[in-house]
Amino acid sequence: MIFQSSTVLVLLLVLALTPSVSNAFQKNGNTIPVKTSDVPMPIKWPIVGTLPDFLSRGGVDGMADVHESMYKEYGPVYRMSLLGNDEMIFSDPRVFDQILRNEGKFPVGGAEVVMTFRDYYEENGMDFALASVGRGPQWKTWRQSVNADMYVLWDSYLPIIADTCAKISKVAGKEVVSNKVHITDFLSRAAFDMFSAVLYGESPETTDSKKATSEDIEFVKATKRAFDITGNLISNPLEKIFGGEQYKDFVVNMDKTNDIASARGKQKMKEVSEKNKKSNETGSGCPITTIQNTLLLSNTNPSYIERLMNRGQLSEDQINQLQSPLLMAGVDTTAYAMSWFYLNLASNPHVQTKLANELKEKLGGEDVTTVKQMQSLTYLKACFRESHRLTPVAPVSIK
């Protein structure tokens, strides 16, 4: 890359920071009431539903061909039924917007139908993690409990993200160019480093082979494997229905991520408790020590975990349940976004050159640590949006 890659990493992370179905579809700007049974679909057979048609159009290995051919044959709204799992597909975003609006205060989210994670959380009694992939009042309570210290204060994490990204950029050349780490694995580690820095206040530096620990590398590998299996099970429901090995493999990898995140989280919470205890002791004893401790504590930008503990709204068990899902989701989506973004830039050298000129002009070699700096990078933001438009991380929203 010929531009300041640490800046791009910062912006990528920040940008990353029985359902009811509408009976109204839009045509030529007008709303038309339609019964679900009127929506076109292939022949639906007993038990297997439209599975024969699905397989004839390309099946699991040709999902793009399946939906492209169905769009051409049936239009922007059509139905499928795979082994009793009825689905309605909306290809027009204007129609999809109506569906969301008609689902009320708590529309069905994409995570709610990713049954691998729901099943795992239920099987392991992780009620707080389960609320994150649900809907209704429980989801609202969950979101409110994590929102204040994450999304509302997002700009306060810019300095630690910038520092982490500078470290990532420093080793990128020797790690990737020398073939120590494949570029896709390097970007997954980079995403893990950035989200770890937000959660714990420091980067584990897994992008540096000399500093990376085996536990952190294993977390990244297990995360990637769990999401790969999830994708396979979503596109091939037969696997789980007939008791295949993939879900068992998913559980093994989820256990790994939870064990590693839990150990890291407990250690961090212990450090926060000791820090708070020290803070409470600053009001007594030697005045010089009191001043030193106060200055030390006031100059520290708290990590997300520390802020959650200090707020006191969540129990330590709830905070513990929160860590693995956040780290996993961050690694998956941010790594995919970075992979496509860099590939799209490499495919368009003139865009890369123009972007490099903007970064040089607006930042002058500095890292992005303020909102003002971010807002000045208008072309970078446009590049991100175009990359998401061309190659979205999640091209399909399942409902």
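See the structure above.
Residues numbered from 1 in each chain as written. Predicted model: local features only at pLDDT ≥ 70, side-chain atom pairs only at ≥ 80, totals over all residues. Heavy atoms only, no water.

### A word on the packing of helix H12 (residues 246–280) against helix H15 (residues 316–346)
Phase 1: Across the interface, H12 lies against H15 with an axial gap of 8 Å and an inter-helix angle of 125°. Put simply, H12 runs oblique to H15. Crossing handedness for the pair H12 and H15: right-handed. Across from Met254, Thr257, Asn258, Ala261, Ser262, Arg264, Gly265, Lys266, Met269 and Ser273 in H12, the residues of H15 making contact are Glu316, Ile319, Asn320, Gln323, Ser324 and Met328.
Phase 2: Here the residues of the contact of H12 with H15 sort into five nonpolar, eight polar and three charged. (Axes fitted to C-alpha atoms, helices over the stretch in contact; angles between N-to-C directions. Helix = DSSP H or I, 4+ residues; strand = E, 2+ residues; numbered from the N terminus. Parallel < 35°, antiparallel > 145°, perpendicular 65-115°, else oblique. Left-handed = near helix turned anticlockwise from the far one by under 90°. Contact = heavy atoms within 4.5 Å. Nonpolar A, V, L, I, M, F, W, Y, C, P; charged D, E, K, R; others polar.)

### Re the packing of aromatic side chains
Here a ring pair, both rings aromatic, is described through the centre-centre distance and the interplanar angle of the planes.
Phase 1: Enumeration over the complete set of coordinates arrives at nine aromatic pairs.
Phase 2: With a centroid separation of 5.3 Å and 45° between ring planes, the pair formed by Phe117 and Phe227 is classed as tilted. Here Phe117 is found in helix H5 (residues 115–123), whereas its partner Phe227 is found in helix H10 (residues 214–235), with 110 residues between them in sequence. Judged on exposure class, the residue Phe117 and its partner Phe227 are both buried.
Phase 3: Between the aromatic rings of Tyr247 and Phe250, the centroid separation amounts to 5.7 Å while the plane-to-plane angle is 25°, which identifies the pairing as stacked. In this pair, Tyr247 and Phe250 are both assigned in helix H12, three residues apart and thus about one turn of the helix distant. (Phe/Tyr/Trp six-rings, centres within 6.5 Å; stacked < 30°, edge-to-face > 60°. Buried < 20%, exposed > 50% of the residue type's maximum accessible area, 1.4 Å probe, protein only.)

### Side note on the packing of helix H14 (residues 304–311) against H15
Helix-helix packing is described using two parameters, namely the angle between the two axes and the distance between the axes.
Phase 1: As a packed pair, H14 and H15 sit with axes 11 Å apart at the nearest point and diverge in direction by 155°. In terms of orientation, H14 lies roughly antiparallel with respect to H15. Considering only the axes of H14 and H15, their crossing is right-handed. For the pair formed by H14 and H15, the contact residues are Tyr304, Ile305, Leu308 and Met309 on the first element and Glu316, Ile319, Leu322, Gln323 and Leu326 on the second.
Phase 2: For the contact of H14 with H15, the per-class residue count stands at seven nonpolar, one polar and one charged.

### With respect to a nonpolar patch on the surface
Phase 1: Taken together, the side chains of Tyr336, Trp340, Leu343 and Val393 define a hydrophobic patch exposed on the protein surface, amounting to about 350 Å² of accessible area.
Phase 2: Structurally, Val393 can be placed in the segment after helix H18 (378–390).
Phase 3: The exposure class assigned to Val393 is partly exposed, which follows from its relative accessible area of 31%. (Patch = residues over 30% accessible without salt bridge, like charges linked within 9 Å, V, L, I, M, F, W, Y side chains within 5 Å. Areas by Shrake-Rupley, 256 points an atom, 1.4 Å probe, with all protein chains shown as cover. Salt bridge = Lys/Arg side-chain N within 4 Å of Asp/Glu carboxyl O.)

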